[in-house]
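What follows is each chain in one-letter form.
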Amino acid sequence: MDAQSQLTWHQIKQAANQTLYGNTGSYLSDVEEKVLRGAWEDYSYEQIAEQHNFTVNYIRGDVGPQLWRKLSAALGEKVSKTNFREPLTRGLAKLSQPVSSQKIEYPDGPVPLRSQFYVERPPIESDCYQTILQPGALIRIKAPRKMGKTSLLDRIIEYAETQGYRTVRLNLRQIEQAKFSDLDKFLRCFCACISDKLKPDAVLSDYWNEDRGSMLSCTRYFEVLLAQAESPLVLALDEVDRVFQYPNIATHFFPLIRSWHEEANNLELWEQLRLVVVHSTEDYGSLDINQSPFNVGLPVPLAEWTSPQVEDLAQRHALDWTVQIGSEGLTSLLAKVGGHPYLVRLALYKLATKQITLDELLQDAATDAGIYSQHLRHHLATFKEHPELANALEKVVNATEPVPLDTMQAYKLHSMGLIEQQGNQVTPRCQLYRQYFREHLN
């Protein structure tokens, strides 16, 4: 079997990304990646366009030629849809060379759109892209913090923008606390934030009517926003968990969102609204789940990375898997931190930049001398301010079996990413948290 027939898709993508980054400082765009993968799978431009709901002219006349020109310039030879395998195969030889720390992203915040270090979780991405095209769509992304929710959200928004959709992203943690004092203040602030992004001709005060009430006024204003352009509007609500802390807001706001989604079944105008809701927990307090957006639409729970995904990411960091990690090392790393995306990425970053060996990393991981010390101390500071949470987690890390917790305590610890829920009981998310907090919470 020749070398090119043995190449995996991830090797092809890695070679293209590293080559482009070295030449242009950027990676494949999402649509370029789709074209490259389609070509690797021997799909025609027509098949690629149909698979991803693009026009054929856009793929054949714009994206495809641009991609091959960029690769030709980066590789210093002619690259086309029919011959790209050979140049990229030759480019793979460069992947074994040391990668400078400047090219390896420190895992702080969402993974950039053009990053080669974004880990796909098939079929999640393609399911989200297909769903956002549907009239009245609603996507629910759920996972604890630092699991990749915002990175996925960024890609859904970018995909929607490639379709010509209007997009608005609102992080509810950025709304000041005073706006949660009553429903009218909150909904007016909510609409004002969206207006800031869309710059509509309509003036909010013209549609806010005291006799009509804040919920109907908010709905009426949204109808105006939807009607002002023919393109769909994607409204992405990040960190919606914050609203759970204010039951007087949550019991009205979430049913309102649900009603907008359901209106798409009755009114063509509301088909233009596409919703993406991002949250960290399934514990909704006293909220009626049947009057909320949390049991409709496409659910997207983000699980931890699998062993093959971690191994692939290590290769993208140009780590010599056999020498620097090895299969036993992978097992040990996953035993320590699970497949938690942030914890794994930080470990690979430290290993790839040669700041630490795997043995040192594992030995010191659960101590204040380890690479996770800042992350762990941040949580510890939270527990000092909230001793009831500290007592709850202490109960969990000292137990040898899953234990039950108060609903609100479980919600907060799960949102922090420290526990896993198994029905009505919980366990520590990984060995790292069990070891560190068993010692520091006593």
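Rules of the game
Residues numbered from 1 in each chain as written. Predicted model: local features only at pLDDT ≥ 70, side-chain atom pairs only at ≥ 80, totals over all residues. Heavy atoms only, no water. Helix = DSSP H or I, 4+ residues; strand = E, 2+ residues; numbered from the N terminus. Rg over C-alpha atoms; globule rule 2.2 N^0.38 Å. Buried < 20%, exposed > 50% of the residue type's maximum accessible area, 1.4 Å probe, protein only. Areas by Shrake-Rupley, 256 points an atom, 1.4 Å probe, with all protein chains shown as cover. Lys, Arg positive; Asp, Glu negative; His and termini not counted. Charge placed at Lys NZ, Arg CZ, Asp CG, Glu CD. Phe/Tyr/Trp six-rings, centres within 6.5 Å; stacked < 30°, edge-to-face > 60°. Lys NZ or Arg CZ within 6 Å of the ring centre and 35° of its normal. Expected span 1.5 Å × (residues − 1). Arc of directions from axis to C-beta. Contact = heavy atoms within 4.5 Å. pLDDT = per-residue confidence, 0-100. Pairing = 2+ DSSP bridges. Axes fitted to C-alpha atoms, helices over the stretch in contact; angles between N-to-C directions. Parallel < 35°, antiparallel > 145°, perpendicular 65-115°, else oblique. Left-handed = near helix turned anticlockwise from the far one by under 90°. Core = buried A, V, L, I, M, F, W, Y, C linked by side-chain atoms within 4.5 Å. Polar contact = N/O pair within 3.5 Å; in protein donor to acceptor, adjacent residues only side chain to side chain.

*Asks:* I keep staring at the overall build of the chain and nothing clicks. Help me out?
*Replies:* Of the regular secondary structure elements, the chain holds 20 helices and eight strands. Relative to a compact globule of 442 residues, whose C-alpha radius of gyration would be 22 Å, the chain shows 24 Å and is just as compact. Within the chain, buried positions represent 53% of all 442 residues. Accessible surface, the chain: about 20,000 Å² in total, of which carbon and sulfur atoms supply 47%. Charge centroids of the chain, computed over 45 positive and 55 negative side chains, lie 3 Å from each other.

*Asks:* How should I be thinking about the packing of aromatic side chains in this particular structure?
*Replies:* Each aromatic ring pair is specified by the distance between its two centres and by the angle formed by the two planes. For the coordinates displayed, the defined rule picks out 23 aromatic pairs. Ring centres 5.4 Å apart and planes at 45 degrees place the aromatic pair Phe-244 and Phe-254 in the tilted group. With Phe-244 in helix α11 (residues 241-244) and Phe-254 in helix α12 (residues 247-263), this pair connects stretches of sequence that are 10 residues apart. Each member of the pair, Phe-244 as well as Phe-254, carries the same accessibility label: buried. Following the ring pairs from residue to residue traces out a cluster consisting of Phe-180, Phe-186, Phe-190, Phe-222, Phe-244, Tyr-246, Phe-253, Phe-254, Trp-260, Trp-270, Phe-294 and Tyr-411. A cation sits over an aromatic face here: Lys-81 above Tyr-45, 5.3 Å from the ring centre. Between the NZ or CZ atom of Lys-146 and the centre of the ring of Tyr-342, over which it lies, the distance is 4.3 Å.

*Asks:* Teacher, can you tell me more about helix α18 (residues 387-398) here?
*Replies:* Spanning 12 residues, α18 covers 16 Å between terminal C-alpha atoms, matching the ideal 16 Å at 1.5 Å per step. Buried within α18 we find Leu-389, Ala-390, Ala-392, Leu-393, Val-396 and Val-397. The buried residues of α18 all sit within an arc of 165 degrees when viewed along its axis, so they share a single face. Considering only its buried residues, α18 is in contact with α17 (373-385), β6 (403-404), α19 (407-415), β7 (419-422), β8 (425-428) and α20 (431-440).

*Asks:* Sorry if this is basic, but what is going on with the confidence of the model for the chain here?
*Replies:* The predicted coordinates should not be examined in detail at positions where pLDDT is low. With 91% of its residues at a pLDDT of 70 or more, the chain shows a mean pLDDT of 88. Low confidence marks residues 1-5, where pLDDT is under 50. Its contacts with residues over four positions away, or in another chain, come to five contacts.

*Asks:* Can you help me understand the sheet that holds β7 in this one?
*Replies:* If you trace the three strands from one edge of the open sheet to the other, you get β6-β8-β7, paired in antiparallel fashion. Here the strands that pair on one side only, and so sit at the sheet edges, are β6 and β7. Those strands touched by α18 are β6, β7 and β8, and its axis lies near 75 degrees from that of β8.

*Asks:* How should the packing of α17 against α20 be read in this particular structure?
*Replies:* The description of two helices packed together rests on the angle between their axes and the distance between the axes. The interhelical angle for the contact between α17 and α20, taken along N-to-C directions, is 50 degrees, at an axis separation of 11 Å. Relative to α20, the element α17 is oriented oblique. Where α17 crosses over α20, the handedness of that crossing is right-handed. On α20, the residues touching His-375, Leu-376, Arg-377, His-379, Leu-380 and Phe-383 of α17 are Leu-432, Tyr-433, Tyr-436, Phe-437 and His-440.

*Asks:* Explain the environment of Gly-91 to me, please; I cannot follow it from the model alone.
*Replies:* Within the secondary structure, Gly-91 sits in helix α5 (residues 85-91). Along the backbone, Gly-91 and Ala-15 are 76 residues apart, and their C-alpha atoms lie at a distance of 6.1 Å.

*Asks:* Can you walk me through the nonpolar core in this structure?
*Replies:* Soluble globular proteins tend to bury their nonpolar side chains together. Grouped together as the largest cluster of nonpolar side chains are 54 residues, with contacts concentrated most on Tyr-372, Phe-383, Leu-393, Leu-413, Leu-432 and Phe-437. For this core, the secondary-structure elements that each account for two or more residues are α13 (307-316), α14 (321-337), α15 (341-352), α16 (358-364), α17, α18, α19 and α20. The dominant element in this core, judged by the number of residues it contributes, is α15, at nine residues. In this structure, Leu-413 is in contact with Phe-383, Leu-389, Ala-392, Leu-393, Leu-405, Leu-418 and Ile-419, ignoring residues within four places of it in sequence.

*Asks:* Hey, could you run me through the pairing of strand β1 (residues 138-142) in this one?
*Replies:* Side-chain positions along a regular strand alternate between the two faces of the sheet. Judged by how many residues are buried, β1 sits mostly within the fold: five of five residues are covered. Burial along β1 is two-sided: the face carrying Leu-138, Arg-140 and Lys-142 and the face carrying Ile-139 and Ile-141 are both buried. Bridging between β1 and strand β4 (residues 273-279) involves five bridges; their strand directions are parallel. By the bridge assignment for β4, Lys-142 is matched with His-279. Sheet analysis places β1 next to strand β5 (residues 298-301), joined by four bridges and oriented parallel. Bridge pairing in β5 places Ile-139 opposite Leu-298.

*Asks:* In this structure, what is going on with the side chain of Thr-353? I would like to understand it.
*Replies:* Examined against the element boundaries, Thr-353 turns out to sit in the loop between α15 and α16. With relative accessibility at 17%, the residue Thr-353 sits in the buried group. Within the structure, the side chain of Thr-353 is placed 2.7 Å from the backbone oxygen of Tyr-349, a separation counted as a polar contact.

*Asks:* I tried to follow the pairing of β4 on my own but got confused; where do I start?
*Replies:* Across the seven residues that make up β4, a large majority, seven, are buried. Every second residue of β4 is oriented toward a common face, with Leu-273, Leu-275, Val-277 and His-279 on one face and Arg-274, Val-276 and Val-278 on the other, all of them buried. Sheet topology places strand β3 (residues 233-238) next to β4; five bridges connect them, and they run parallel. Among the inter-strand pairings, Val-234 is bridged to a residue of β4, identified as Arg-274.

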